[in-house]
Amino acid sequence: MGCGSSHSYQAEVLQTWDEVKKTVQSRPHKGKLVVRRSGWKTVRIFVSSTFRDFHAERETLVKEVFPDLRVWCEKRRLYLVDCDLRWGVPKDTTTEETLRTCLGEIDRCYSDNIMPFFLNLTSERCGWIPNRNEVPQSVIEEYRWVMGLSVTEMEVIHGAYRVDNPNSLFMMRNAKFLDSVPEEHHPVFVDPNPIAADKLKMLKDMLKNKFPSDQVGYYTCEFEHIDPDDGRVYLKGLDKSFRDQIFNFFKKRISQQYPLEEVTTDPYKHAQESHESFMKSRSTMVLGRNEILQKISDYITGIAIDRPLIILGGPGMGKSSIIAKVADEATLRASQKQIPGAGDTGWYVFYHFVGAVPGSTDLERALKRLLKEIGIVNEATMPTDLEATCQMTSGVLSNPNTRPTIIIIDALNQFDDDKFSMSWLPRKLAPQIRVVMSMINNTPPHKSLRERTNPPDEAYVTPLDMQSRKEIVTEILGRYNKRLDEEQMTKLLSKDSSQNPLWLAIACEELRVFGVFHEMNTKIDSLADGLLDLLAQVLKRFEEENGGHLLVATLCLLESSSTGLLEIELLEILGDEPHLMPPESSEEKVGAPAKAQVTWKKSQQLPAMKWAAVYRALKPFLRPFGDSGEGRLDFYHRSLSKAVRHMYFLNDDGNENDDDSRDIYQWWHRKLADYFEQVDNLERRIEEYPVHLVKINDKERLQNFLTQWVVFDNLYDDEYSSKLLYYWRQAGGASVWRKCT
């Protein structure tokens, strides 16, 4: 190659980096990044590298660095998720899917950790450089894509370079390792593209000039052997110079960003923070509900009427968003003493969203949190069981000396316990008590309240009017720079179910991801007119387009879980793909005895690329519990849970109690029991493991679990031991104690 060609490549590379510099933030991040937290938090590490030449390094990361770092993180109440999208890339993945998956995972790292924990591996390959026709305009605009960059370079730009990311580490392999590699294997490590040498030199120079020395590391290694089965080249010497640098860097950065602090062990305080986070996330977009919001406001601020106000409506009508908006505004107004009737003390606002955070469906725990927050009880005076708690709460809410309190509860009908479900609410409220509760009409709590001699006031969440529907569609699609023309809007809103906010939101999401605009009318016509029918339609599409059995398993696992699942737990369970789904053959019946079945075997985690496809599809329908950042996933709305049950657990007749349906439920509960039996995290094991043992009636394992001192000690609480007592009885009661002694 002549000098002229080399100079032209240099000029081309310089021009590309001139374009990169135009996209760099004018005020990049400076100073230490310290995040105060309570509870567990998820830390994500994104691994960026070319594919063929870093098998040995990635294996060291997966088998040595990340497991050690994960153990260290768990001691600090941190969950570690490593994201290496070079693993398990499907062959039929489109260019846009690949680019969006890679850059979208970095976006998740920004969302979860403010600055991504980012690891780049660089050597003598620059990787795939998409041409202009391969990069969609939407990707160019969204990510400020610079033409001429490789995908790996663009990951570096997006994840680190533009923002001076202090959490980024760049590991550069010394090229002298090639001297020890047999020449016939050099093509694995050296990029044949003639521009590669200039691009790599420029990338390395730009990183060295931009980042401090502790963020740019160098390592040496040498050839070890060739795998006779797959021809893969193995390297040696990665232990100190490579492994230790990476472990020590991320250990230092994670400890600086998430310092180990004394966190509150008060479960009630933690629950309060989780409900607050949920409230904030759901109160942002409430359109077309001014009339009912005004009625609730009048009840709260008006003259006392000694009975509660209940908000009624069917599934998906937007009750939770309305309640969240009410709670948010009431909290703000109370803090500024803008609500009359409480004198100098001011109003205290208590809010509880049933089903929104772990433990929130437990009535006893919710009432004890209420009593504690308004200063009625402390550790010494806390009632001992649900009946005593309901009696005390009823007395407090009818007592004219109780602190002025506004109680706001969403989804009252989702509390677990029916026996004392409404006995906590007195027949006549004290004048300084306001109670606002939402529920589905004609559910047992609603019927119970209606039968009282002093029934509550009622307000119905009515179907959306046409103007509100248009505003919602415009708002949702407008976030993605999309809109419907007048004919399309009319078609969509002519469907009866468009009166339901949840149906409308799901329909908009379906239209948003539909890529053929000239067929949009047909797509709108095809949308099922009914909430559960539309959800079933969406789930079927997901199954066909995004992971098949992996997606179905994810849905079934979340539905069967007690309190949602951590992302790291899903990755570990889904990684055992040979045993992922219930057996279909008659020889291996789903309901076979437990010992005859294999439901889960420990294996490698599901490849990040496969999980990214599943998560990307389900993301609009999942939410982290309370948006706490710990990484626990569950369904965003109970209607999706119902749709999953109908599609994957029940027979065509919809009967949950027939043998086949029970067998399917039991199989998934057994899979989760087998998994959590081996989980090291005691908190999570206690949350999930006994629940599934009860579901599959495995008394032997439940007895063994409860008679471990560390388990008993964690479940026992002076204030709250109802769960321990329940498990104790399910395991056999007094016979367990005799076995223990």
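Quick caveat: nothing in here was measured; it's all calculated off a predicted structure.

Rules and cut-offs
Residues numbered from 1 in each chain as written. Predicted model: local features only at pLDDT ≥ 70, side-chain atom pairs only at ≥ 80, totals over all residues. Heavy atoms only, no water. Helix = DSSP H or I, 4+ residues; strand = E, 2+ residues; numbered from the N terminus. Expected span 1.5 Å × (residues − 1). Bend = angle between axes of the 7 residues up to and from the residue. Buried < 20%, exposed > 50% of the residue type's maximum accessible area, 1.4 Å probe, protein only. Pairing = 2+ DSSP bridges. Axes fitted to C-alpha atoms, helices over the stretch in contact; angles between N-to-C directions. Contact = heavy atoms within 4.5 Å. Parallel < 35°, antiparallel > 145°, perpendicular 65-115°, else oblique. Left-handed = near helix turned anticlockwise from the far one by under 90°. Phe/Tyr/Trp six-rings, centres within 6.5 Å; stacked < 30°, edge-to-face > 60°. Lys NZ or Arg CZ within 6 Å of the ring centre and 35° of its normal. Salt bridge = Lys/Arg side-chain N within 4 Å of Asp/Glu carboxyl O. Nonpolar A, V, L, I, M, F, W, Y, C, P; charged D, E, K, R; others polar.

(A) Structural detail: helix α2 (residues 55–74). With 20 residues, α2 ought to run about 28 Å at 1.5 Å a step, and its terminal C-alpha atoms sit 27 Å apart, in line with that. Along α2, the largest kink reaches about 40° and is centred on leucine 61. The set of residues buried in α2 consists of His55, Ala56, Glu57, Arg58, Thr60, Leu61, Val65, Phe66, Leu69, Arg70, Trp72 and Cys73.

(B) Geometry of the pairing of strand β11 (residues 433–439). Most of β11 sits inside the fold, with seven of its seven residues counted as buried. Side chains of β11 alternate between two faces, with Ile433, Val435, Met437 and Met439 and Arg434, Val436 and Ser438 buried alike. Bridge count for strand β8 (residues 309–312) against β11 is four bridges, and the pairing is parallel. Opposite isoleucine 310, over in β11, you have methionine 437 as the bridge partner.

(C) Quick look at the sheet that holds β11. Read across the sheet, five strands follow the order β9-β10-β11-β8-β12 without closing on themselves; strand pairing throughout is parallel. With one partner strand each, in any of the chains shown, β9 (348–353) and β12 (457–460) form the two edges of the open sheet. On average, each strand axis in the sheet is inclined to that of its neighbour by 15°, with strand direction left out of account. Against the sheet, helix α10 (residues 290–301) makes contact with β8, β10 (405–410), β11 and β12, and its axis sits at roughly 150° relative to β11, the strand it touches most. Running at roughly 165° to β9, helix α12 (residues 363–373) makes contact with β9 and β10 of the sheet.

(D) Quick look at the sheet that holds strand β3 (residues 117–122). Pairing is parallel across the open sheet formed by five strands, whose spatial order is β2-β1-β3-β4-β5. Both edges of this open sheet fall to β2 (78–84) and β5 (216–219), since each of them pairs with a single strand only. On average, adjacent strands in this sheet sit at an angle of 20° to one another, irrespective of strand direction. Note that strand β1 (residues 41–48) and β2 share seven bridges and pair parallel. In the strand pairing of β2, arginine 44 is matched with valine 81.

(E) Expanded view of the environment of tryptophan 728. Tracing the backbone shows tryptophan 728 in helix α28 (residues 722–730). Assessed through its relative accessible area of 16%, tryptophan 728 is described here as buried. For tryptophan 728 and leucine 706, which are 22 residues apart along the polypeptide, the C-alpha to C-alpha distance reads 7.4 Å.

(F) A look at the packing of helix α19 (residues 531–545) against helix α23 (residues 638–648). Taken N-terminus to C-terminus, the directions of α19 and α23 make an angle of 65°; their axes are 9 Å apart at the nearest point. With respect to α23, the axis of α19 lies roughly perpendicular. Here α19 runs over α23; the crossing is right-handed. Residues Leu531, Leu532, Leu535, Ala536, Leu539, Lys540 and Glu543 of α19 form the contact with α23, whose participating residues are Ser639, Leu640, Lys642, Ala643, Val644, Met647 and Tyr648.

(G) Local environment of the pairing of β8. Burial along β8 is two-sided: the face carrying Leu309 and Ile311 and the face carrying Ile310 and Leu312 are both buried. Pairing of β8 with β12 involves four bridges; the strand directions are parallel. Counted as the bridge partner of leucine 312 is tyrosine 460 from β12.

(H) Seen up close, the side chain of glutamate 105. Note on placement: glutamate 105 falls in helix α3 (residues 95–113). Using a relative accessible area of 6% as the deciding quantity, one classes glutamate 105 as buried.

(I) How the structure looks around the packing of aromatic side chains. The tally for this structure, following the rule as stated, stands at 20 aromatic pairs. Ring centres of tryptophan 611 and tyrosine 615 lie 6.0 Å apart, and the angle between their planes is 45°; this geometry places the pair in the tilted category. Placement of both tryptophan 611 and tyrosine 615 in helix α22 (residues 608–618) is noted, with a separation of four residues, approximately one turn of the helix. Between the aromatic rings of tryptophan 709 and phenylalanine 712, the centroid separation amounts to 5.9 Å while the plane-to-plane angle is 20°, which identifies the pairing as stacked. Of this pair, tryptophan 709 and phenylalanine 712 both sit in helix α27 (residues 709–715), separated by three residues, roughly a single helical turn. Given the relative accessible area of 26%, phenylalanine 712 is considered partly exposed. Three or more aromatic residues joined by ring pairs form one cluster here, namely Trp17, Phe46, Phe118, Tyr161, Phe170 and Phe211. Seen from the ring of tyrosine 615, arginine 108 lies directly overhead, with NZ or CZ sitting 3.5 Å from the centre. Lying over the aromatic face of tyrosine 161, lysine 210 brings its terminal NZ or CZ to 4.7 Å of the ring centre.

(J) Spotlight on the pattern of salt bridges. A full pass over the atoms with the stated rule returns 40 salt bridges. The residue lysine 199 makes a salt bridge to glutamate 153 at a minimum N-O spacing of 2.8 Å. With a gap of 46 residues between them, lysine 199 in helix α7 (residues 196–210) and glutamate 153 in helix α5 (residues 151–159) connect regions that are remote in the sequence. The exposure class of lysine 199 is buried, given its relative accessible area of 3%. Classification of glutamate 153 by relative accessible area gives buried; the value is 3%. Its salt-bridge partner being aspartate 244, residue arginine 243 comes within 3.0 Å of it at the nearest N-O pair.

(K) Representation of the packing of helix α17 (residues 501–512) against α19 in the model. Two elements in contact, α17 and α19, have axes whose closest approach is 10 Å; the angle formed by their N-to-C orientations is 25°. By the angle between their axes, α17 is roughly parallel relative to α19. Read as a crossing pair, α17 and α19 show a hand that is left-handed. Note on element contacts: α19 touches α17 through Leu531, Leu534, Leu535, Val538 and Arg541, opposite Leu502, Trp503, Ile506, Ala507 and Glu510. Tallied by class, the residues present in the contact of α17 with α19 amount to eight nonpolar, no polar and two charged.

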